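Inside the fold
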Amino acid sequence: MKIDEAREVRTTCPYCGVGCGVLAKVAANGEVTVRGDPDHPANFGRLCSKGSALAETIDLDGRLLYPEIHGRRTDWDEALDLVASTFTRTIAEHGRDSVAFYVSGQLLTEDYYVANKLMKGFIGSANIDTNSRLCMASSVAGHRRAFGSDTVPGSYEDLELADLIVLVGSNLAWCHPVLYQRIAAAREKRPDMKVVLVDPRRTMTADIADMHLAIAADGDVALFTGLLAYLGQHNALDRTYITAHTTGFGQALFAASALDLAGVAAATGLGEDELVRFYSLFAATANTVTVYSQGVNQSSSGTDKVNAIINCHLATGRIGKPGAGPFSVTGQPNAMGGREVGGLANMLAAHMEIENPEHRDRVQRFWSAPAVAEKPGLKAVEMFQAVADGRIKALWIMATNPVDSMPDADAVEAAIKACPFVVVSDVLAKTDTVRHAHVRLPAAAWGEKDGSVTNSERRISRQRAFLATPGEARADWWIVAEVAKRMGFDEAFSHPSPADIFAEHAALSAFENDGARDFDIGAYAGVDAETYEELAPFQWPAPSQGTPLWPAGQAGRPEGGVQAGHSSASTRFFANGNFYTPDGKARFIPIRPVPQTRTNEKFPRVLNTGRVRDHWHTMTRTGKSQRLSQHLAEPFAEIHPADAQHFGIGDADIVRVSTEHGEVLLRALVTARQRPGSVFVPMHWTDQFSARARVDALVAPITDPISGQPASKNVAARVERFAAVAFGFAVLAERPASIDADYWSLARCAAGWRLEIALEADRDWPGFAASLFGADAPGETLAYHDVAGGHYRFARFAGSRLTGALYLAPRPVAVSRGWAVEQLSADHADRRGRLAIVAGRPGGNSVDRGAIVCSCFGVGANQIAEAVRGGCVSVEAIGASLHAGINCGSCRAEIRTIIEARRLHAAE
């Protein structure tokens, strides 16, 4: 692609399942800027901090740019021939189930479709699973049990029409910020709208909540079975809907009634008065949406949680109606698309069932496939256990990093290292998984990809390329298709473009579909390349015999055979029944809560893992952005003050969190927002960014028996203070080649890197500083030593440029991180200024912004506090003064916390 003129391309964000539209503008000089697409119906121009920083993540630093075999550069023919011949030989010698694909919600639908087609239809095994198993599998299983299909009933619009929103296990403010802002905006317009947050932690989402239920880990089943019993006892049921459109209500209500209010309180850790307030609010509010995410899904009882929620909506007829319904929000940009093409090991393409012989026959005939898999394949945890015990001998990992994201991650890494043949298709040359690949295949990244994704409300959008594919990188669908051809399946994989794949995917969805399947986009079965290029976002279903749901007035809407129109009634399912079960009725699922207590004397605390605001998965993208590393720059353990006191842990200490599977070292974040007895650790940090912070190595491989989804929110753990004798902070112009410290965490910053360290024993501190700065690099080093007090400071200069500064102390270093980072970009010709760096504090007119709160505009806590002192006593006033909080809005809750803290301080 030649960049010779400015242009703006409509595409879709590659982060969470909200599926925001993005306008990527490429200047004539190649510079890229991004903004939200005001016409996209998912976000109407809004973007979160991660989406706003997308242009900062597209550089070629660290990219895998050519194929490699055993670390040796090669060409595509040799690499593809080796992959195809090894898979073919392995199947011939050990059977088709001796090979497996582990794929990702980062893939586009067209990539997913081709991979699933090859494995299930032509290799003939269902050993293809996806990292969506780690986040959405319980929702899929719950939907299928209740509805007969994996159908999300509602739309984002319902979040704005609801009178009550119940957020369960969802930190929407940080994990789906654009949806959070849509709710916040709707609430400002309708102050009577209520929000209930169900979460062990008082997350930033609580900022808009009228009620926060600090539930015990895995107490959700008891909470919602108790709610069903309450609805029955208080005549808050829709008997007409139950009779006309459901089966099994009596059994479900009987099972729920086995637990009285006191029993629910004991199982949830909530007070009976809290329960009654929530139950009565739910019972009295017809327009209720229950939004749930990983806190529900990532559980050994995740499927039961989903069905307990759905039971309450079916019992009240609150489903498929404007402002009412259960709503699963997906964690990845194309988790839904992967479900549509059968990317999970227990599904077929187009929402067909692998256990159903008619469905298998239909897919086999459509594909003209030699043998469609006849039984479900191995789910993610089972798959890597099969790699470990030798049943799987050839493994292809695409666009994901299981060495960091899988439970029992150390065992997963050991399995991959021991596997006879491992192929990894990825964007980066160095990840914790790529390092173990025998064959490394360079894949196209966001900005270079061309295809489609489906968001949480079933809206299909185009992801369009606006950058040239660098080096020898190729699209994932092309890589898979080329391997398939070399395995002898030329005709079935001779796709000329993603448009052709999408047309085939659409045609399969409509093939012999008389309305008995929910997923139908047959209107696009004949889409050509030109129409596909202009494809506007649409929400399925879009059957060939109906009217596709093109958003009215959408720019780029194709003319001719595809008509414009938007019927809100057809964007929702099940208001009038018509479920995808044999009798057309929804199934109530009888559920009895089972205790999920895992703590014991040795591991007495509950470990909960999750996401933070500005980072994504294993940081292969967000780790490139210095802006996104400003807010939370190192891994941490969130601990309640009572627990911290019990273990002798101070704020900013280093702590060891351990389970029976391993241990990690993290910074202590002591906060009353955490539930006593629990500890929260984010899942993003890897060996590329920290010494010992791969938290999923601590998570046991316990899974939901129905969905196969791991239980990442309820892990028995122990927390201890790490006895460090020295703490350090450094800013460095270059990433150090190695870091000899017990604890370290590295993050991008303006003009370089910032580094946190802690050590158990003293070192040769001048030598240690030299190793970080580059021992052979020319320049001048200034130093200050207080040997008795244990304070050491070093600053290295090359000309007038600071190339490194290191601060060491026996307690966590008090140097302002924001100020120190800025010194890497400043001119230091003045010796007095150099001495200020050694002293570790601003001199002259230097400004210390403090810890960054607003990543979008780089606004720090000190600046906000100063503005409050100057009279800005509302979030809106801070926004008007400093711009903080006016873009993505993710920091508004933190801004309000600073305002309240200043208010309390002034009142003392």
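From a predicted model like this one, the values you see are computed outputs, not experimental measurements.

Rules behind the numbers
- Residues numbered from 1 in each chain as written.
- Predicted model: local features only at pLDDT ≥ 70, side-chain atom pairs only at ≥ 80, totals over all residues.
- Heavy atoms only, no water.
- Helix = DSSP H or I, 4+ residues; strand = E, 2+ residues; numbered from the N terminus.
- Expected span 1.5 Å × (residues − 1).
- Buried < 20%, exposed > 50% of the residue type's maximum accessible area, 1.4 Å probe, protein only.
- 1 Å grid on protein atoms, 1.4 Å probe; cavity = no way out; pocket = protein on both sides within 12 Å on 5 of 7 lines; lining within 4 Å.
- Points joined across faces, edges and corners; volume = space filled by probe spheres on them.
- Nonpolar A, V, L, I, M, F, W, Y, C, P; charged D, E, K, R; others polar.
- Phe/Tyr/Trp six-rings, centres within 6.5 Å; stacked < 30°, edge-to-face > 60°.
- Lys NZ or Arg CZ within 6 Å of the ring centre and 35° of its normal.
- Pairing = 2+ DSSP bridges.
- Axes fitted to C-alpha atoms, helices over the stretch in contact; angles between N-to-C directions.
- Contact = heavy atoms within 4.5 Å.

1. So, helix α8 (residues 220-233)
For an α-helix, 3.6 residues make a turn, and residues three or four places apart therefore share a direction. Over its 14 residues, α8 runs 20 Å from end to end, which matches the ideal 20 Å to within 8%, given 1.5 Å per residue. Judged by how many residues are buried, α8 sits mostly within the fold: 12 of 14 residues are covered. Those residues of α8 not exposed but buried are D220, V221, A222, L223, F224, T225, G226, L227, L228, A229, Y230 and L231. Residue N235 follows α8 closely and has a positive phi angle near 55°.

2. A closer look at empty space enclosed by the protein
Tallied over the full model, the rule gives 4 cavities of 30 Å³ or more. There is about 100 Å³ of room inside the second largest cavity. Taken together, C13, Y15, C16, V18, G19, C20, L47, C48, K50, G51, P177 and V178 make up the full set of residues lining the second largest cavity. Mapped by element, the contributors of at least two residues to the lining of the second largest cavity are α1 (49-52) and α7 (177-189). Among the residues making up the lining of the second largest cavity, the classes are represented as 9 nonpolar, 2 polar and 1 charged.

3. Quick word on the packing of aromatic side chains
Across all of its chains, the model carries 31 aromatic pairs by this definition. Ring geometry for Y113 and W367: centres 6.2 Å apart, planes at 80°, overall edge-to-face. Of this pair, Y113 sits in helix α3 (residues 109-123) while W367 sits in helix α16 (residues 357-367), and the two are 254 residues apart along the sequence. Geometrically, the ring pair formed by F147 and F574 is tilted, given 4.8 Å between the ring centres and 45° between the ring planes. Of this pair, F147 sits in helix α4 (residues 137-147) while F574 sits in the loop between β19 (538-539) and β20 (586-587), placing them 427 residues apart in sequence. With respect to burial, F147 and F574 carry one shared label: buried. Members of the aromatic cluster, each reached through a chain of ring pairs, are F147, F519, W540, F573, F574, F579 and Y580. One cation-aromatic arrangement involves K117 over F493; the distance from NZ or CZ to the ring centre is 5.0 Å.

4. Thoughts on the sheet that holds strand β28 (residues 743-749)
Within the open sheet, the 6 strands sit side by side as β28-β29-β27-β32-β31-β30. Their pairing is antiparallel. Strands with a single pairing partner mark the edges of an open sheet, and in this sheet they are β28 and β30 (780-786). The sheet shows a mean angle of 10° between the axes of neighbouring strands, direction not considered. The pairing of β30 with strand β31 (residues 791-798) spans 7 bridges and is antiparallel. Residue Y784 lies in a different strand from β31, and its bridge partner there is R793. Relative to strand β32 (residues 801-809), helix α24 (residues 765-773) is tilted by about 140°, and along the sheet it contacts β27 (726-732), β29 (752-759), β30, β31 and β32. Packing of helix α26 (residues 831-839) onto the sheet brings it into contact with β30, β31 and β32, and relative to β30 it is tilted by some 45°.

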